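# Fold and contact review
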Amino acid sequence: MIFQKEPVITIDGASGTGKGTVSQVLASRLGWKFLDSGALYRVLALAAQKHGVVLDNEKALKVLGEHLDVQFIAQESEISKIILEGEDVTDVIRTEKIGNAASIVAALPAVRASLLSRQRAFRDVPGLVADGRDMGTVVFPDAELKIFLIASPEERALRRYNQLKERGISVTLSDLIKELRERDRRDQERAVAPLKPAEDAVRIDTDHLSVEQVVERILFEIKQKKAFPATSFPITIEFVEMGIAE
Ligand code: C5P
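To start, this report covers the structure provided alongside it. (Residues numbered from 1 in each chain as written. Predicted model: local features only at pLDDT ≥ 70, side-chain atom pairs only at ≥ 80, totals over all residues. Heavy atoms only, no water.)

Right, let's talk about the nonpolar core for a bit. Of all hydrophobic cores here, the largest spans 26 residues; its most connected members are Val 43, Leu 68 and Ile 93. For this core, the elements supplying multiple residues, two or more each, are α2 (37-50), α3 (58-66), β4 (78-84), α4 (96-105) and α5 (109-120). Sort the elements by how many residues they give to this core and α2 lands first, with 9 residues. With residues up to four places along the chain from it excluded, the contact list for Ile 93 reads Ala 39, Arg 42, Val 43, Leu 46, Ile 82 and Ile 98. Ranked by size, the runner-up nonpolar core spans 20 residues in total, among them Ile 9, Val 22, Leu 26 and Leu 30. (Core = buried A, V, L, I, M, F, W, Y, C linked by side-chain atoms within 4.5 Å. Buried < 20%, exposed > 50% of the residue type's maximum accessible area, 1.4 Å probe, protein only. Helix = DSSP H or I, 4+ residues; strand = E, 2+ residues; numbered from the N terminus. Contact = heavy atoms within 4.5 Å.)

Where α4 meets helix α8 (residues 173-189), the axes come as close as 9 Å, and the angle between the chain directions of the two elements is 20°. Comparing the axis directions of α4 and α8 gives the class roughly parallel. Between α4 and α8 lies a crossing whose hand is left-handed. Of the residues in α8, those touching α4 at Glu 96, Gly 99, Asn 100, Ser 103 and Ile 104 are Leu 176, Glu 179, Arg 183, Arg 186 and Asp 187. A per-class count over the contact of α4 with α8 returns 2 nonpolar, 3 polar and 5 charged. (Axes fitted to C-alpha atoms, helices over the stretch in contact; angles between N-to-C directions. Parallel < 35°, antiparallel > 145°, perpendicular 65-115°, else oblique. Left-handed = near helix turned anticlockwise from the far one by under 90°. Nonpolar A, V, L, I, M, F, W, Y, C, P; charged D, E, K, R; others polar.)

Just distances and angles here, no functional claims.
Here is the structure:
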């Protein structure tokens with residue numbers, strides 16, 4: 001088999017389905033690059049706030065997206081540091097407020113277009129795990145493997161609640177469920193790149209699965225596909241022995 005481009009695994013789903021953690025663990029298990037596309041929309045929303053751009057000014061947001069001065073600095077066994085205009089915004093972009101603002105700007109077609117090539121530039125050797133909403137449908141339609149994660153709103157809100165509590169941020173569960181539903185509605189109903197599984201995506205219901213179990217399930221799918229060359233897995237040589245790579 002001849003591979004024209006670096007292989008990609010896309011992991012899409014609504015917020016709280018666990019896709020961020022699953023994608024990071026998978027990328028590190030495979031020794032692959034990782035794209036957190038949601039972080040790009042969050043950084044853009046933060047940049048808009050910083051520069052006084054209102055969230056419905058599509059033209060100005062498009063320009064901001066095209067010129068976004070953002071860096072993702074990979075760190076060993078930790079999440080990447082995210083630097084906006086020289087400032088570390090890794091934690092600042094994780095608030096519910098920025099998440100909601102991100103979903104508002106993400107509904108604008110010109111904004112999505114302005115971030116497209118930046119996302120595709122993450123495709124690199126030996127491979128890429130791309131986490132988002134439209135990774136399998138729009139950004140990497142030629143991905144070798146597409147995963148779509150599902151979880152009930154209650155389970156997703158509970159996961160988010162525990163995450164925020166761990167970080168000392170206090171919210172109520174009922175507020176979180178309300179916000180999740182609102183964000184889902186915006187993500188699913190927007191005209192461009194709405195949240196939906198690609199036709200060829202493998203759907204995994206994560207409600208009763210741990211992160212490790214979801215990762216194992218995806219590794220199983222990789223094995224089933226046999227679509228990846230052995231050179232795609234530099235740090236997991238045993239993959240070849242397990243029959244996961246050819
Ligand atoms: O995944 P995360 O919660 O960080 O994403 C924030 C928001 O960015 C989402 O609610 C969604 O509206 C938007 N987004 C998107 N397309 C992506 C990733 C995120 O529209 N590929």
